[in-house]
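As a plain string of letters, each chain reads:
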2 protein chains.
Amino acid sequence: MAQPIRFGILGCARIARKVSRAIKLSPNATIVAVGSRSAEKARRFIDDNGLPDNTRAHGTYESLLDDPEVDAVYVPLPTSLHLRWATAAARKGKHVLLEKPTALCVAELDQILEACEANNVQFMDGTMWMHHPRTAKMRDLLRDSDLFGQLKMVSSIACFLAEPDFLQNNIRANPELDALGALGDIGWYCIRMILWSADYRMPRTALALPNPAKTEVGVLLSCGASLHWDDGTVATFYCSFLAHRTFEVAVVGSKATLTLSDFINPLQENSARFTFGSTDHVVPTELPQEVCMISEFSRLVGAVRDNSGSKPDKRWPSIARKTQAVLDAVKASFDEGFQPIQIAAN
Amino acid sequence: MAQPIRFGILGCARIARKVSRAIKLSPNATIVAVGSRSAEKARRFIDDNGLPDNTRAHGTYESLLDDPEVDAVYVPLPTSLHLRWATAAARKGKHVLLEKPTALCVAELDQILEACEANNVQFMDGTMWMHHPRTAKMRDLLRDSDLFGQLKMVSSIACFLAEPDFLQNNIRANPELDALGALGDIGWYCIRMILWSADYRMPRTALALPNPAKTEVGVLLSCGASLHWDDGTVATFYCSFLAHRTFEVAVVGSKATLTLSDFINPLQENSARFTFGSTDHVVPTELPQEVCMISEFSRLVGAVRDNSGSKPDKRWPSIARKTQAVLDAVKASFDEGFQPIQIAAN
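Naming follows an unreviewed UniProt entry, where chain A appears as Gfo/Idh/MocA-like oxidoreductase N-terminal domain-containing protein of Platanthera zijinensis. What UniProt states about chain A under its Sequence similarities (unreviewed entry) heading is, verbatim, "Belongs to the Gfo/Idh/MocA family."

Undergrad: Account for the overall build of chain A, with residues named and values stated.
TA: Within chain A, the regular secondary structure consists of 11 helices and 16 strands. Scaling as 2.2 N^0.38, a compact globule of 346 residues should have a C-alpha radius of gyration of about 20 Å, and chain A matches this with 20 Å. The principal-axis extent of the C-alpha atoms belonging to chain A is close to 55 × 45 × 35 Å. Residue burial in chain A is summarised as follows: out of 346 residues, 60% are buried. Residue pairs in contact within chain A that sit at least 24 positions apart in sequence constitute 70% of those at least 6 positions apart. Taken as a whole, chain A presents about 13600 Å² of accessible surface, with 48% of it coming from carbon and sulfur. Between the mean site of the 37 positive side-chain charges and the mean site of the 39 negative ones, chain A shows a separation of 2 Å.

Undergrad: Before we move on, could you go through the relation of the copies chain A and chain B and cite the residues and values that matter?
TA: Superposing chain A onto chain B requires a rotation of 180 degrees together with a translation of 0.0 Å along the rotation axis, leaving an RMSD of 0.0 Å. On this basis, the relationship between the two copies can be described by a two-fold rotation axis. Here 100% of the contact residues of chain A are again contact residues in chain B; the copies associate through an equivalent surface.

Undergrad: Could you give me a rundown of the sheet that holds strand S3 (residues 56-58) of chain A, with the residues and numbers involved?
TA: Residue and element names in this part refer to chain A. Pairing is parallel in the open sheet, where six strands are placed in the order S3-S2-S1-S4-S5-S6. If you trace the sheet from one side to the other, it starts and ends with S3 and strand S6 (123-125), each paired once. Mean inter-strand twist for the sheet, computed between neighbouring axes without regard to direction, equals 25 degrees. The pairing of strand S2 (residues 29-35) with S3 spans three bridges and is classified as parallel.

Undergrad: A description of the interface of chain A and chain B should follow, citing residues and the corresponding values.
TA: Where interface size is quoted, it is often the accessible area lost as the parts come together. Contacts between the two partners involve 29 residues from chain A, matched on the other side by 29 residues from chain B. Around 2400 Å² of area is buried between chain A and chain B when both sides are counted, 68% of it from carbon and sulfur atoms. Considering only the surface of chain A that becomes buried against chain B, Leu 209, Tyr 238 and His 244 of chain A emerge as the three largest contributors, covering 20% of it. For the pair chain A and chain B, the number of links is zero salt bridges. The interface formed by chain A and chain B holds six residue pairs in polar contact (both at pLDDT 80 or more) in total. Contributions of two or more residues to the side of chain A that touches chain B are made by strand S7 (151-161), strand S10 (220-228), strand S11 (234-240), strand S12 (242-253) and strand S13 (257-260) of chain A. Top element by residues in the side of chain A that touches chain B is S12 of chain A. It accounts for nine residues.

Undergrad: Mind laying out the pairing of S13 of chain A, listing which residues take part and the relevant values?
TA: All names here are of chain A. On S13, burial covers both faces: Thr 257 and Thr 259 on one face and Leu 258 and Leu 260 on the other are all buried. The pairing of S13 with strand S14 (residues 271-276) spans two bridges and is classified as antiparallel. Within S14, the residue paired with Leu 258 across the bridge is Phe 276.

Conventions adopted
Residues numbered from 1 in each chain as written. Chains lettered and ligands numbered in written order. Predicted model: local features only at pLDDT ≥ 70, side-chain atom pairs only at ≥ 80, totals over all residues. Heavy atoms only, no water. UniProt positions renumbered as here; feature names shortened; annotations may be inferred. Helix = DSSP H or I, 4+ residues; strand = E, 2+ residues; numbered from the N terminus. Rg over C-alpha atoms; globule rule 2.2 N^0.38 Å. Buried < 20%, exposed > 50% of the residue type's maximum accessible area, 1.4 Å probe, protein only. Contact = heavy atoms within 4.5 Å. Areas by Shrake-Rupley, 256 points an atom, 1.4 Å probe, with all protein chains shown as cover. Lys, Arg positive; Asp, Glu negative; His and termini not counted. Charge placed at Lys NZ, Arg CZ, Asp CG, Glu CD. Least-squares fit on C-alpha atoms with pLDDT ≥ 70 in both. Pairing = 2+ DSSP bridges. Axes fitted to C-alpha atoms, helices over the stretch in contact; angles between N-to-C directions. Buried area = accessible area lost by both parts, 1.4 Å probe. Salt bridge = Lys/Arg side-chain N within 4 Å of Asp/Glu carboxyl O. Polar contact = N/O pair within 3.5 Å; in protein donor to acceptor, adjacent residues only side chain to side chain.

Here you go:
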């Protein structure tokens, strides 16, 4: 059996706790180092999360990237730091698992992807639900045109109720750190769900819904948009930090409709439900979806690391880029007074 | 016990079969006459639907309205005929249960409502799901601010897959008869669901989604819109004759979310489900929702008929008018190139 992929965690954001647990649970991955802005903070993260004592605590991000025993980095830094540190990681030959939103705009993401390609490292964004076996099962049903027919409409809603503290202090509402706010955070999932439903055919147009809720300094707290394809397919989404936890999806075809109510985070760790047509499905999973993500990423990284001359998978970077491109178009529609924005075909 | 309300059915549309069964099942209603454009057609309807042999078959609508033993009429005629025949019925002193959409525009509906008020007859539109006990149970939960908090967002989807024959021959796709197409038919339910969720607070703005599907002569087959309130509440809906049967609703509050998947027509006749927060509810009903509708209408009619000097209930006309007013605004947004349309407060 090949050596597990050795992860370094670049930044101690809260989400890193969940992902470090996932790396521990993944059969083909292990954590060897944590990097933070201080060695004390990195050490505290190691202790708090029960990582092995020999996990190295790096007091700078650079130091972690110079660690020769790190194969891959997980990057949960604020979005505004992604460009700098994801490209730096790629240049050091580290494979990159990058939290979403991948960047502030697709031009930034392109620089990251170019750095990954130039340095022959795998790229993947941290959209966990993509890796749940439920997603594969749903995809099989949606791709069966005898069962599903043609895609007609997708509705995706992702909300949670942020505490007042979150709205004032969390990086996801801080314009210097995560300027995309709710759109970049949970809106990313909505857009990904829509693109996934459409088998990644790009919509032609994005149109923001008027009157989004923003912080005083203009960070989106609650917003929605519609997406339109040339063949008449329509999608709408709504994302909010100001409403009750809601992760509702409806994918409407000409022959069946798929619905689920927990698309971002299944209510149970060992199984997940959805409805297709008149049938309720329950899909078991041996591993939580974030562990499935780590395993899949590590599998792809291992193929590159352990096979001289082999190239990283291109599908995950492509999916991330499409998601970011649609997100850019939605953002542009907000910024341009809710005008329709054309989306490039690729 | 008071004498049952004596119904005349004005027109033999397909939906009249379901409603005539509902009248038969309702404890306070009975069918005494059917009017059609020919007496033969009326007689056939009576026979086909197992109505009593002494049910009178009228060969003209006028003749039915002149029948002195008719207290109330159910009007399932094409929308373009509503103004003429609903006002004629009111002027003959008949109470009016009118199929949706109630009219081609709110100006027409106002004439109908004025005729009803002037002649002291009850008005109600035929939105059956409003009368299911599930709806009352859901309303209680939504109105409990400790449980639901503030309304943030409503999503409503209503679709069914019409046969090619329907699209060519059904009155709901005929511009002379039902010019509002899918918007008037199932879009009516979506708009009503949104207004009901908002406790009938009117949205400020309606904005049609671009690129609706239309017939060659311009009847809407598939379309959507968003509605916006001053406090930031948002609603979206989508309705289509071109997609699989889907009746999905999500009502998102700050403290809970309500969802249901069969809002127009419960999957079972004797109970209906919904989810509120993390709890699945099942609400039994002794009578199908269309029978509940007939009973409620007949109760209101009886109060007027049997109590000299009493006035018809005003709540149902008001709800119908608000629904039609929002529908008008959505239609105007389509007609004016997807511009936002202001909606009057009442």
